Amino acid sequence: MNMTKNNMKNKKGQIEYLLQNAFRIGFTIIALLAFFLLINYYINNKIDTRYVQAETLANRIMLSDALMLQERGTSRIYTGIVDMNKFNDKTSLDKSIKYEFNRHAAAKVKLSKKDVYGNVNYIGDIYLNKNNWDNLKTTINSGATGKGSATMLIKDIPVTCAYDTDLNNYDYCIMTVEVIVPNS
Amino acid sequence: MNGIKKITRNRKGEDMLVDFWAILAFAIILLLFLVFFILSKNEVKNAELRVKFASSDAGYMLNSYLKSPSLVDGSKTNAEIIAEDALNDDFSRTEDSFKKFFTGVEKINAELEDDYIKHYALSNIKLCIYDSSDSFLAGYSFNVKTKTTTDLYLYCDILGSITNAKTMIPTRDSFIYVETVLFGNIISK
């Protein structure tokens, strides 16, 4: 302590003192910076919900009676069995998943069938919110990223296509569910 | 300059050497933490979500398969065919129905491959059947890429994935477990 006091009395002493402590001061600054940097990293103040939004909408289409077969008497829904009467009515999705306000997310459900020769034949498609689908699909095709662009989720699931409600006339199909959620 | 020489020569200089190694160790630890945070922050959460939703897809596929009328015998569902096969101890009809139901996915995947950027693709669908005491009865795997179906006499338990779904089918005497295991899902950004 006495040595430090002596050193501080003249210029040479002050320089020595500064040199001795320069690393310590720098180290403290780095430690403080690192501390706040790590805290900032750890606090999650931004949540990316696009994937959850897309999955929720896809599951709503797949699990609801929007397209799936429903037993008349019990209202039981047969998930995984597509009612082709609903599918062929191109407004089924818009009627079933209805919002009062302008919906941003859009979806497309496509059905394909594999024939005995192993070829996959396209059966048809149905849209939810087709206007938005056309707009958002254009941004995806253009490869745009960031705000104003969109994120797409695709699932393909083997299902049964039922042409009547009693399941007398049916086929095995592949259902492709595509959902687009805007990046905002 | 003379001042620095003096410092490094005396006892204070030794202290500074200790400080130097401490700073170096701190910098390395800091770097490791930064790398760890950058890698883990969002990806872990997204990966957890993907696994959860992929498991729901596996459940949907299993449900869809079991409820669908069998192409082997149109008056019965695939679940009934499996239950009957378990009683007869011959799963040939189950294998046939599995092949007929799940093939076709490969064509759709191939088509999507050209159109979209995939994070990971559906690569394998497995069906595993166990008896009430959880012993393996039969298992089939459909490889989307090689388009082949294989028996899983050995690998059903070993290759168990977290993206799976399991349900129970009642039989005449007891019940059996049926499990679907998915590898992959298609996500585009």
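Residues numbered from 1 in each chain as written. Chains lettered and ligands numbered in written order. Predicted model: local features only at pLDDT ≥ 70, side-chain atom pairs only at ≥ 80, totals over all residues.

J.: Which residues make up the overall build of chain A, and what values go with them?
T.: Check the secondary structure of chain A and you find six helices and six strands. Counted from the first residue to the last, chain A has its helices and strands arranged as α-α-α-β-β-α-α-β-β-α-β-β. In chain A, buried positions account for 30% of the 184 residues. (Helix = DSSP H or I, 4+ residues; strand = E, 2+ residues; numbered from the N terminus. Buried ≥ 20, exposed ≤ 12 C-beta atoms within 10 Å, placed from the backbone.)

J.: Could you give an account of the domain arrangement of chain A, naming the residues involved and the relevant values?
T.: When the parts of a complex come together, some accessible area is lost, and that lost area is often used as the size of the interface. For chain A, the assigned domains are domain 1 (2–42) and domain 2 (50–182). When each unit is reduced to the centre of its C-alpha atoms, the spacing between domain 1 of chain A and domain 2 of chain A is 64 Å. (Domains from an automatic or database assignment.)

J.: Give me the confidence of the model for chain B: which residues, what numbers.
T.: Residues and elements named next belong to chain B. Scored by pLDDT, chain B has a mean of 70; 57% of the residues are at 70 or more. Across chain B, the element-wise mean pLDDT spans from 43 in strand β6 (residues 186–188) up to 88 in helix α3 (residues 78–88). Low pLDDT, under 50, characterises residues 107–120; the predicted model gives this stretch 24 contacts beyond four residues in sequence or across chains. Across the interface, the model reports ipTM at 0.73; the global pTM reads 0.71. (pLDDT = per-residue confidence, 0-100. Contact = placed C-beta atoms within 7 Å.)

J.: Report on the packing of α3 of chain B against helix α4 (residues 92–102) of chain B, specifying residues and quantitative values.
T.: Axes are the key here: two packed helices are described by the angle between their axes and the distance separating the axes. All names here are of chain B. Direction vectors running N to C along α3 and α4 enclose 155 degrees, while the axes themselves pass 9 Å from each other. As the angle between them shows, α3 and α4 are arranged roughly antiparallel. Where α3 crosses over α4, the handedness of that crossing is left-handed. Residues Asn78, Ile81, Ile82 and Asp85 of α3 pack against Arg93, Thr94, Ser97 and Phe101 of α4. In the contact of α3 with α4, the residues fall into three nonpolar, three polar and two charged. (Axes fitted to C-alpha atoms, helices over the stretch in contact; angles between N-to-C directions. Parallel < 35°, antiparallel > 145°, perpendicular 65-115°, else oblique. Left-handed = near helix turned anticlockwise from the far one by under 90°. Nonpolar A, V, L, I, M, F, W, Y, C, P; charged D, E, K, R; others polar.)

J.: Explain the nonpolar core to me, and be specific about the residues and the numbers.
T.: All names here are of chain A. Core analysis: the biggest nonpolar cluster contains 66 residues, and Ile61, Val82, Ala107 and Val179 have the highest contact counts within it. Considering every element that reaches this core, the biggest residue donor is strand β6 (residues 170–182), with nine residues. Once residues within four sequence positions are removed from consideration, isoleucine 61 is found in contact with Ala66, Leu67, Leu93, Ala107, Val109 and Val177. (Core = buried A, V, L, I, M, F, W, Y, C linked by C-beta atoms within 7 Å.)

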